[in-house]
Amino acid sequence: MEVLDYKELIVWKKSMDLVSEVYQLVKKLPKEEFYALSDQIRRSAVSIPSNIAEGNARDSRKEYSYFLSVARGSIAELETQLLLCERIGYMESNDLKKTFDLITEIRKMLTKIKQNLKIRN
């Protein structure tokens with residue numbers, strides 16, 4: 001049985017949790033990064049559940065799979081930006097652990113959903 005509503009998807013719920021975590025993290029960035037790195041990080045994070053929802057609302061598995069790929073791309077982008085924050089000293093690794101754990105979990109879930117969509121075609 002397929003889940004029809006994206007709000008029922010565990011991966012969407014976890015992605016929303018990730019966005020909440022990210023919004024708390026970017027508050028730690030210097031004020032001069034508010035319209036630069038901070039903005040880009042928030043956009044990457046918001047893109048993840050947004051693309052999961054949009055893909056789920058599409059009419060075909062192919063379209064759904066495409067939007068899941070976009071969400072995975074946004075995860076890679078977000079992870080890179082957070083690693084950069086750590087590298088340049090804006091954030092500590094212990095502050096990022098929960099976020100990186102969520103990123104890993106969501107990435108695995110998206111990969112599994114994409115695999116299942118291919119199998120069922």
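Residues numbered from 1 in each chain as written. Predicted model: local features only at pLDDT ≥ 70, side-chain atom pairs only at ≥ 80, totals over all residues. Heavy atoms only, no water.

Trainee: Could you clarify how one ought to interpret the pattern of salt bridges in this entry?
Mentor: Note that side chains of opposite charge can pair when their charged atoms are close. Throughout the structure, instances matching the rule amount to 10 salt bridges. Across the salt bridge formed by K14 and E105, the nearest N and O atoms sit 3.2 Å from each other. Of this pair, K14 sits in helix α1 (residues 10-26) while E105 sits in helix α4 (residues 93-119), and the two are 91 residues apart along the sequence. Between D39 and R42 there is a salt bridge, and its shortest N-O distance comes to 3.6 Å. Placement of both D39 and R42 in helix α2 (residues 37-57) is noted, with a separation of three residues, approximately one turn of the helix. For D39, a relative accessible area of 22% corresponds to the partly exposed category. Here the residues in one salt-bridge network are D39, R42 and R43, joined through shared partners. (Salt bridge = Lys/Arg side-chain N within 4 Å of Asp/Glu carboxyl O. Helix = DSSP H or I, 4+ residues; strand = E, 2+ residues; numbered from the N terminus. Buried < 20%, exposed > 50% of the residue type's maximum accessible area, 1.4 Å probe, protein only.)

Trainee: Which parts of the structure should I look at to understand the packing of α1 against α4?
Mentor: A pair of packed helices is characterised by two quantities: the angle between their axes and the separation of those axes. Axis separation between α1 and α4 bottoms out at 10 Å; the angle between their running directions is 155°. What the angle tells us is that α1 and α4 run roughly antiparallel. In the crossing of α1 with α4, the sense of the turn from one axis to the other is left-handed. Contacts from I10, V11, K14, S15, D17, L18, E21, V22 and L25 in α1 reach D95, L96, K98, T99, L102, I103, E105, I106, M109, L110 and I113 in α4. (Axes fitted to C-alpha atoms, helices over the stretch in contact; angles between N-to-C directions. Parallel < 35°, antiparallel > 145°, perpendicular 65-115°, else oblique. Left-handed = near helix turned anticlockwise from the far one by under 90°. Contact = heavy atoms within 4.5 Å.)

So yeah, pure geometry; function would need other evidence.
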